[in-house]
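The lines below spell out each chain.
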Amino acid sequence: MNASILTTSIVLLAALVYRDVVVARVTSTQAPNSTNILNTTGQGIITTSQPLANNSTTDLPRVNTTIFDEAYPNATESTKANQGTDSSQALPGNSSTLENATDNGVEERGKEEWDHEHPGVELIVLNWKDVEYPFIVTLVLIFAGLSKLVFHFSHFLSSKVPESCVLIVLGVISGLILYYTGVTKDVKLYEPNLFFMYLLPPIILEAAYSLYDRTFAENIGGVILFAVLGTVLNCFLIGLSMYGLYMVGAMEDVHTSFVQMLLFAALIVAVDPVAVLAVFQEVGVNNMLYFLVFGESLLNDGVTVVLYDVMQIFITMPEITVGQIFLGIAKFFVVVIFGVLIGVVCGMMSSFITKFTNSVKVVEPLIVFGFAYMSYVLSDMFEFSGIISIITCGIVQAHYTFHNVTKKSRLAIKFLSKVMANASEIIVFLDLGIVTINLDYDWKTGFSLWALLFCIVYRFIVTYSLSACLNKFSAGRVRKIRLDEMFMISYGGLRGAVCFSLVALIDESHVPMKNLFVTTTLFIIFFTVFVQGGTIKWLVKKLRVKLAEGDPEMNLNRELASHVFDYILAGVEQIVGYTTGDHHIKKKLDKLDDKLIKPKLLKHATRTELSDISRCYEKVVMKEHYKNLHCSGAKLPKVDSDMLHKLEHVLNPNRQSDDDFSSSGTGTCDSYQSLVSRFEKQLAEDNLAYGDDVHKFFKYTLENVKDKILSTDAHVHDEHERERVNKGRTINEEGVETETGTIVFTL
């Protein structure tokens, strides 16, 4: 890690030193005060470093510049002007001498201009200006990839510290190097507009694809409640409390207004759960907790940006009336609703276009990413919520467009989105550490500590209150939110790059305390990322948070049961007249989707009715098929699939090849017998945990394989015995003995 940082610093220093040398050389050759004077002795142009006096040219004769025009018709206007000026400054003398001097001066100037425009062949040329920005961007991307690689290979570090903490530390080290080398004086290291236009959309889009899940759909009400109502409550509680403490004199005199304090509260409630979600994935928490934290933090960013924009408008107004307040509330809903509509339209357009990409499959990822980013740009152009728009577009694409594209294109889209999201996250955290060194800090202890305390306390209060309301008043919720899960949702409210970018966008002419807000925001980010993010894994284990129940992808019974229960509950709700039930509404929406929308947007709308069950069934059948192939001794082709690699590891844990088994006849059967016995043991354990009827699909196959192995064992034994007795004799198709010395069996 240190070696990569040192190499990067050396390359940057070398490039900057070379740039300074080239600039100094060019500057030294262009003396601003030099004056060209014609020598009357015919020796050409004399250059002096002192300018002539203002009255020195009054008595000098004016030389006609037609000679210069005839000699060099392609000369630039500046050269002609200089020639005329030099001629007008010539010393008095006879005309022939003056003409000779003019000819010599013109020849030397033309030669210099020719040499400048046609320097000749150069073997090695360093053209830094044309590649400066692409070189720096590429270097940052390579450094980001190397830092992530080193982090994941450092098991002692990755097991204890979140990745975001390490990236921020690396950014601080890089910022120190750039600061002491003087690069930060000429280069702007962080631009908030670039973050919102280029770095944030890939992160949000990849997260939107991950939100297309049954668990997220079941908890969509709780996610919206936490993201919208919870964010608004946190914003106004923090703003009111901070301004109240300022008015009673409980903190330093910060010279701020109530609207400015609400602006700070609006940006500080933005949540960045990168560290928390990484720990949740590593530990394997239950899906409900994961999607509550994930969905709340994702939609929270969109709500935060809308609140921030409304407060920015209020700050520029000399007087805020009641009508303006209601217009601000209306703007909040307009921004959100139209952002959703733009996302839906862009997502459906991408799905409709991909219906006709059978012959040009290579453009499918381009169409998907293009329309997703277009939804973000269009919403930003009309000042709607671009974050909410791209989230909606990603979910619509996952529901419709992914069924039109080929399997390879779907894998490419998911992989590229994950690559871009990871690269953007790394760059954001590195930039966060770099800009920490080059800021004008305005530290006020009381203001910063009170802000941190209110951020933590009010998040716990709001989260516990809303969770209790969900558990009590949500009629369709069967799975209640437990107390340990409430604690993890509250404790996982880390701050990150979104709130820092928002505070960097503040106009200092309207908010004089911008430096104080920036300093406090950085302090809260560092505390939540390092302290809360560093202890989240330890708390998950200590509180014994409920983990996920195995891998549902390979359980056909669970998938079938979930669909059966959906139909049963929807029917029960319809019978009893409960038309506002979750399952009844879901059934109506699915029916509308299947009849009206899917036939217009999908290539094969009828094939997606039971897509979840069929996909699960295909995985189970393929798994069972490869089990049978292994047990029968067949050599499997090399297939690049994670599921097949895991299956190979389970079936052949010692990595013993088929040639090793074939070296002895009895070794093969013994190995397969032990393999079958091991599967039977695993089957018994699963039956004990989940019931006797869960794995009957595999039980009959295992029994058949076992019987076949036992019969094969006896058959191989008889074969060896007959070869030993009947050596030198052979039996033909009718059973007659021949003298070929081999044995022929008729199957």
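In this text the structure is predicted, and so the values were computed from the model without any measurement.

Asker: Quick question: what am I supposed to make of the overall build of the protein chain here?
Answerer: Within the protein chain, the secondary structure is distributed over 28 helices and four strands. A buried classification covers 40% of the 747 residues belonging to the protein chain. Taking as baseline every contact in the protein chain between residues at least 6 positions apart, the subset at least 24 positions apart corresponds to 75%. For the protein chain, the accessible surface area stands at approximately 41800 Å², while carbon and sulfur atoms represent 62% of it.

Asker: Please explain a nonpolar patch on the surface as it appears in this structure.
Answerer: A contiguous nonpolar patch, built from I320, V322, I325, F326, I329, F333, V334, I337, F338 and L341 and spanning about 930 Å² of accessible area, is present on the exposed surface. Along the chain, I320 falls in the loop between α13 (287-316) and α14 (322-353). The exposure class assigned to I320 is partly exposed, which follows from its relative accessible area of 32%.

Asker: What exactly am I supposed to notice about the side chain of T357 here?
Answerer: Examined against the element boundaries, T357 turns out to sit in the loop between α14 and α15 (364-381). A polar side-chain atom of T357 sits 2.9 Å from a polar atom in the side chain of E364. Ignoring sequence-local partners within four residues, the contact set of T357 consists of V363, E364, I367 and K603.

Asker: Could you clarify how one ought to interpret the pattern of salt bridges in this entry?
Answerer: Pairing of side chains with opposite charge becomes possible as their charged atoms draw close. Tallying each qualifying case throughout the model produces nine salt bridges. With a closest N to O distance of 3.0 Å, E206 and K418 form a salt bridge. Placement of E206 in helix α8 (residues 192-210) and of K418 in helix α17 (residues 407-435) is noted, with a sequence separation of 212 residues between them. For D590, the salt bridge identified is with K586, shortest N-O distance 3.2 Å. Here K586 and D590 lie together in helix α23 (residues 582-601), a separation of four residues that amounts to about one turn. Residue class for D590 comes out partly exposed when judged on its relative accessible area of 32%. On the basis of relative accessible area, K586 is assigned to the partly exposed category, the value being 38%. Salt bridges linked by common partners bring R214, E218 and D566 together as one network.

Asker: I'm lost on the confidence of the model for the protein chain in this one. Help?
Answerer: Low pLDDT means the predicted atomic positions in that stretch should not be read closely. Put simply, the protein chain has an average pLDDT of 74, and 64% of its residues get 70 or more. Every residue in residues 690-695 scores below 50 in pLDDT, and together they form seven contacts with partners more than four places removed in sequence or on other chains.

Asker: Please clarify how the packing of helix α11 (residues 258-268) against helix α21 (residues 514-542) should be interpreted in this entry.
Answerer: Axis separation between α11 and α21 bottoms out at 11 Å; the angle between their running directions is 30°. By the criterion of interaxial angle, the relationship of α11 to α21 is roughly parallel. Remark: the crossing between α11 and α21 carries right-handed chirality. When α11 is examined against α21, the residues Q260, F264, L267 and I268 are found in contact with a partner set consisting of F517, T520, T521 and I524. Taken together, the residues of the contact of α11 with α21 break down into five nonpolar, three polar and no charged.

What counts, and at which threshold
- Along each chain, numbering runs from 1 in the same order as the chain's sequence is written.
- In view of the model being predicted, local features appear only for residues whose pLDDT reaches at least 70, and side-chain atom pairs are presented and counted only at 80 or more, with totals across whole chains, interfaces and linings using the full set of residues.
- Each side-chain value is worked out from all heavy atoms of the structure, with water and hydrogens disregarded.
- Helix and strand assignments come from DSSP, with helices taken as H or I runs of at least 4 residues and strands as E runs of at least 2, each series counted from the N terminus.
- Buried, partly exposed and exposed residues are distinguished by accessible area as a fraction of the type maximum, computed with a 1.4 Å probe on protein chains only: under 20%, between the cut-offs, and over 50%, respectively.
- Residue contacts are counted whenever heavy atoms from the two residues lie within 4.5 Å of one another.
- Where accessible areas are quoted, they stem from the Shrake-Rupley method and a 1.4 Å probe; at the residue level, only the protein chains shown are allowed to cover.
- Only residues whose relative accessible area exceeds 30% and that take part in no salt bridge are eligible for patches, with like-charged residues grouped when within 9 Å of each other and nonpolar side chains (Val, Leu, Ile, Met, Phe, Trp, Tyr) grouped when within 5 Å.
- What makes a salt bridge here is a side-chain nitrogen of Lys or Arg within 4 Å of a carboxyl oxygen of Asp or Glu, nothing more.
- In the analysis that follows, any N or O atom pair within 3.5 Å is treated as a polar contact, provided that within protein one partner can donate a hydrogen and the other can accept it, and provided that, for residues neighboring in sequence, both atoms belong to side chains.
- pLDDT is a residue-level measure of predictor confidence that goes from 0 to 100.
- A fitted line through C-alpha atoms represents every axis, and for helices the fit uses only the stretch in contact; the resulting angles, taken between N-to-C directions, go from 0 to 180 degrees.
- Every angle not falling under 35 degrees, over 145, or within 65 to 115 is termed oblique; those three ranges are roughly parallel, roughly antiparallel and roughly perpendicular.
- Note on convention: the crossing is left-handed when the near helix lies turned anticlockwise from the far helix by less than a right angle, right-handed when the turn is clockwise.
- Amino acids are sorted into nonpolar (Ala, Val, Leu, Ile, Met, Phe, Trp, Tyr, Cys and Pro), charged (Asp, Glu, Lys and Arg) and polar (every other residue, Gly among them).

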